[in-house]
Amino acid sequence: MTVDKTTLSSIVALPSALAKYEQHITVFSLPHPSNTSSKQRVRLMLGSNGQLFELRSHVFSKSCKYNAKSDLADDKYHYTTDDQPIKSVFLTNKEDRSDSYVIESGCFQFAAKYDLTFNLIGYYHRNSIVAEERDYTRGTTEPQTCGQPAAHPPCLTARDYHDLLVDSHDPAWSGVPLETLQSHLSNIAEPIEEAGEIFYKITSNKITAYLILKVQKILARLPKSLPMPNNLPQELSEALKVVMSVNLLISLIPKAAYSNLVHFSPEQQSVDSIQLNISKAFDTYHNHQKSKLISEKEQELQLNAAMTVGLSVNSAKQPKKKVVKKSAINKKVNVASGKGSIDGFFKKSKQSKI
Amino acid sequence: MTEYTAHFIPCKVRYNGATEEFVDNFHCDNEDDLTLKRKEDDSLNGEKLCVRHIRGRKIVGKKFLGSDGYQTFLVKTGTREGEDGETGQISLDTTSKIEPIAKISSMINYERDGNEERLLEELEKFQQFLDVSDVIHS
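The name an unreviewed UniProt entry assigns to chain A is Ribonuclease H2 subunit B, from the organism Zygotorulaspora mrakii. Listed in UniProt under the heading Function (unreviewed entry), the comment for chain A reads: "Non catalytic subunit of RNase H2, an endonuclease that specifically degrades the RNA of RNA:DNA hybrids. Participates in DNA replication, possibly by mediating the removal of lagging-strand Okazaki fragment RNA primers during DNA replication. Mediates the excision of single ribonucleotides from DNA:RNA duplexes."

Right, dumping it as structure tokens:
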């Protein structure tokens, strides 16, 4: 099969669970699980065994938005006049070099595993909406204060949940098979078996417990490129790792779920015998940040004091008086000549002509 | 299904479509190639790099997404009549279908000679992203 010259093409990398469908793969989209209004819907594909994959885009030679300012200052990346990264694609056929193509865009797409539970959490906290990710760490993060809690059905079967999601959340939920929904519901819902049927009730505690398990997994495999200071005490270093792991979930969960997670303490809430004290880790981190800020201010004051050492205390405060220099006026006494009787005495002597 | 190699080159080519430019150009300098017999083991920190030239300028590249169980395809995303397909992005709002039209045997990302550090840094960060995404969604 050769590439049709009249169509546009895109490069898509698929995992083996999807790659066997060489005919066609259906892509559908759901609202972003974080309920962040600035984020686009997630594009999903269904693989074998009901496993879901997210279709993501990537382009090299482009700064990520978190480092955009520093990269701009370092002159690390350059863009075209229409702000596109300087990247294009050549497609070469090793067997026949004349059968080659050029694609202007350097963007490619790839499918990555996707956990639908995040979308169910997003539905549970559907009233917790923020404009941008930075709003998570700004202002109040007290639990249960991030938007009015949404009304939730007491207990529903997986089929009823499926209908509810299609009717009241997004019609695209119809693309999710019932078995897939059921397996993800059981992650965050209390199952109640009655009359041979299983009913599910999503609870805030189960959501927090599930997210803590995610945090523990991330903690064990934290990315190497995250900036981690080397000279921190052990306790603070561990707290910072927990904070970073929790914050990595910001891009996937609503603010209300994040707030509950940040304030989780095993001493106050008993959730499935979890021992990870996230609340304490955040407190340790914030106290360190505060003491760092205070010590920086103290250093600044000490530096100012060192700069003014040797000067009297009052001299620094009293404004300097302006010294007005008075220029000495030479008053020449002009003597009227040629009028008095002794004028001859002051007259210049005439040089004798020889 | 025809197999292609995708080269992500560090320059912008304002063209989409077929070309015969690569019959005598853009050959790999350090591989057993049909046309060029020159062998050169370009490497950086033990990483074997692929070396090619565009208009006399040396570029170095490294393969990615080759050993993670991924299989790459060239897919049809739309016709040229529709402007939406210009970015190569598959439509977000409506249900759409990916239709593979060719296989991509390998993908190589390139940077200009002297910029290898950025090449390796970008590929490493991309791999770290895949790893952490796998941890979160497993």
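And the narrative resumes.
Asks: Hey, could you run me through the overall build of chain B in this one?
Replies: Within chain B, the regular secondary structure consists of 1 helix and 8 strands. Going from the N terminus to the C terminus, chain B shows its helices and strands as β-β-β-β-β-β-β-β-α. The buried share of chain B, taken over its 138 residues, is 46%. Contacts in chain B between residues at least 24 apart in sequence constitute 68% of all its contacts with a sequence separation of at least 6.

Asks: Would you take a moment to explain the overall build of chain A for this structure?
Replies: Looking only at helices and strands, chain A features 11 helices and 10 strands. Counting over 354 residues, chain A shows a buried share of 41%. Across chain A, the fraction of contacts at a sequence separation of at least 24, relative to all contacts at a separation of at least 6, is 62%.

Asks: Mind showing me how you'd approach the pattern of salt bridges here?
Replies: Close approach of charged atoms lets side chains of opposite charge pair. Considering all chains together, one arrives at 12 salt bridges over all chains under this definition. Note that A:Lys39 and A:Glu133 form a salt bridge whose closest N and O atoms lie 2.5 Å from each other. On the criterion of sequence distance, the pair formed by A:Lys39 in the loop between strand S2 (25-30) and strand S3 (42-46) and A:Glu133 in the loop between helix H3 (117-124) and strand S8 (156-157) is long-range, its members being 94 residues apart. Given a relative accessible area of 23%, A:Lys39 falls into the partly exposed group. Between B:Glu99 and B:Lys76 there is a salt bridge; the shortest N-O distance is 3.8 Å. Here B:Glu99, found in strand S8 (residues 96-112), pairs with B:Lys76, found in strand S7 (residues 70-79); they are 23 residues apart in sequence, far enough to count as distant. Given the relative accessible area of 35%, B:Glu99 is considered partly exposed. Through salt bridges with shared partners, a single network forms among A:Lys76, B:Glu121 and B:Lys125.

Asks: Got a minute to help me understand helix H9 (residues 278-307) of chain A in this structure?
Replies: Since one α-helical turn is 3.6 residues long, residues separated by three or four positions face the same way. All names here are of chain A. Look at H9: 43 Å from first C-alpha to last across 30 residues, which is about the 44 Å you get at 1.5 Å a residue. For H9, every residue scored as buried is listed here: Ile-278, Ser-279, Ala-281 and Phe-282. Packed against the buried residues of H9 are helix H6 (204-220), helix H7 (234-247) and helix H8 (255-262).

Asks: Help me understand the interface of chain B and chain A in this model?
Replies: Put simply, an interface is often sized by how much accessible area is lost when its parts join up. Between chain B and chain A, the contact holds 82 residues from the first and 80 residues from the second. Of the roughly 7,400 Å² buried between chain B and chain A, counting both surfaces, carbon and sulfur atoms make up 58%. On inspection of chain B and its partner chain A, the count reaches 5 salt bridges. With a shortest N-O distance of 3.2 Å, B:Arg14 and A:Asp82 are connected by a salt bridge. Elements with a minimum of two residues in the side of chain B that touches chain A: strand S1 (3-9), strand S2 (17-19), strand S5 (50-54), S7, S8 and helix H1 (116-137) of chain B. Looking at the side of chain B that touches chain A, the element that brings in the most residues is H1(B), giving 16 residues. Here the residues of the side of chain B that touches chain A are counted per class, giving 36 nonpolar, 27 polar and 19 charged.

Asks: Explain the layout of surface pockets to me, please; I cannot follow it from the model alone.
Replies: Rolled over the atoms, a probe sized like a water molecule indicates the empty space that remains. All names here are of chain B. A volume near 730 Å³ is recorded for the second largest pocket. In terms of lining, the second largest pocket is formed by 25 residues, of which the most central are Pro-10, Cys-11, Ile-54, Arg-57 and Ile-59. No other element matches the 3 residues that strand S6 (residues 57-64) contributes to the lining of the second largest pocket. Across the lining of the second largest pocket, the residue classes break down as 10 nonpolar, 6 polar and 9 charged.

Asks: What is the right way to read a negative patch on the surface from this model?
Replies: Judged by side-chain charge, A:Glu95, A:Asp96, B:Glu3 and B:Glu20 come together as a negatively charged surface patch. Tracing the chain through its elements places A:Glu95 in the loop between strand S5 (88-92) and strand S6 (100-103). Judged by its relative accessible area of 76%, A:Glu95 falls in the exposed class.

Asks: Is there a simple way to think about the packing of aromatic side chains in this case?
Replies: For any pair of aromatic rings, the description rests on two quantities: the centre-to-centre distance and the angle between the ring planes. Under the criterion given, the structure shown has 17 aromatic pairs over all chains. Connected via pairs of aromatic rings, a cluster forms that spans A:Phe60, A:Phe108, A:Phe110, B:Phe8, B:Phe64, B:Phe126 and B:Phe129. Residue placement shows A:Arg126 over the ring face of A:Tyr123; its charged tip is 4.4 Å from the ring centre. The ring of B:Phe26 has B:Arg52 sitting right over it, with the charged end atom 5.2 Å from the ring centre.

Asks: Would you explain the nonpolar core in this entry?
Replies: The nonpolar side chains of soluble globular proteins are, as a tendency, buried together. Within the largest apolar cluster, 54 residues are counted, with the highest numbers of intra-cluster contacts made by A:Leu30, A:Leu211, A:Val246, A:Leu249 and A:Leu261. It is H6(A) that contributes the most residues to this core, 6 residues altogether. Shared between two domains, this core holds at least three residues of each, these being domain 1 (11-65 + 75-134 + 152-185) and domain 2 (218-227 + 234-292) of chain A. With 29 residues, the next largest nonpolar core counts A:Phe108, A:Phe110, B:Leu49 and B:Leu130 among its residues.

Asks: Explain unusual backbone geometry here, please?
Replies: For residues other than glycine, phi is negative in most cases, and the peptide bonds are mostly trans. With a phi angle near 50°, A:Ala195 is a residue other than glycine that sits in the positive phi range. Considering the arrangement of structural elements, one finds A:Ala195 in the loop between strand S9 (189-194) and strand S10 (197-202). Unusually for a residue other than glycine, B:Phe26 sits at a positive phi of about 60°. Mapped onto the elements, B:Phe26 comes out in the loop between S2 and strand S3 (43-44).

Each value, and the rule that gives it
The residue numbers shown here count from 1 along each chain, following its written sequence. Here chains are named by letter from A upward and ligands by number from 1 upward, in the order in which they appear as written. Where local features are concerned, this predicted model is filtered to residues with pLDDT of at least 70; where side-chain atom pairs are given and counted, the filter is 80 or more; whole-chain, interface and lining totals use all residues. Note that water and hydrogens are dropped before the side-chain values are worked out from all heavy atoms of the structure. UniProt positions are given in the numbering used here, feature names are shortened, and annotations may be inferred rather than shown by experiment. Going along the chain from the N terminus, every DSSP run of H or I of four or more residues is numbered as a helix, and every run of E of two or more is numbered as a strand. Each residue is placed in one exposure class: buried if its accessible area under a 1.4 Å probe, protein chains only, is under 20% of its type's maximum, exposed if it is over 50%, and partly exposed if it falls in between. Two residues form a contact once any of their heavy atoms are found within 4.5 Å. Each salt bridge in this description consists of a side-chain nitrogen of Lys or Arg and a carboxyl oxygen of Asp or Glu lying within 4 Å of one another. Here the expected length of a helix is defined as 1.5 Å per residue gap, with one fewer gap than residues. Buried area is calculated as the accessible area (1.4 Å probe) missing from two parts once they are joined, with the contributions of both summed. Amino acid classes used here: Ala, Val, Leu, Ile, Met, Phe, Trp, Tyr, Cys and Pro are nonpolar; Asp, Glu, Lys and Arg are charged; the rest, including Gly, are polar. Throughout, the protein atoms alone are placed on a 1 Å grid, and a set of points is a cavity if a 1.4 Å probe fits but cannot get out or a pocket if it is open with protein on both sides within 12 Å along at least five of seven lines; lining residues have an atom within 4 Å of a point. Grid points are joined across faces, edges and corners, and a volume is the space filled by probe spheres set on the points. Patch construction takes residues with relative accessible area above 30% that form no salt bridge. Like charges are linked within 9 Å, and nonpolar side chains (Val, Leu, Ile, Met, Phe, Trp, Tyr) are linked within 5 Å. Residue exposure ignores everything except the shown protein chains as possible cover, and the areas themselves are Shrake-Rupley values with a 1.4 Å probe. Charge assignment in this entry is limited to Lys and Arg as positive and Asp and Glu as negative, and neither His nor the chain termini are counted. By convention, the point assigned to a charge is CZ for Arg, NZ for Lys, CD for Glu and CG for Asp. Classification of ring pairs uses Phe, Tyr and Trp, with its six-membered ring standing for Trp, and accepts pairs whose centres are within 6.5 Å; under 30 degrees between planes counts as stacked, over 60 as edge-to-face, and the remaining range as tilted. Both a distance and an angle decide whether a charge sits over a ring: NZ of Lys or CZ of Arg must be within 6 Å of the ring centre and within 35 degrees of the ring normal. Throughout this description, the term nonpolar core refers to a set of buried Ala, Val, Leu, Ile, Met, Phe, Trp, Tyr and Cys residues connected via side-chain atoms within 4.5 Å. Either an automatic procedure or a domain database provided the assignment from which the domain bounds are taken.

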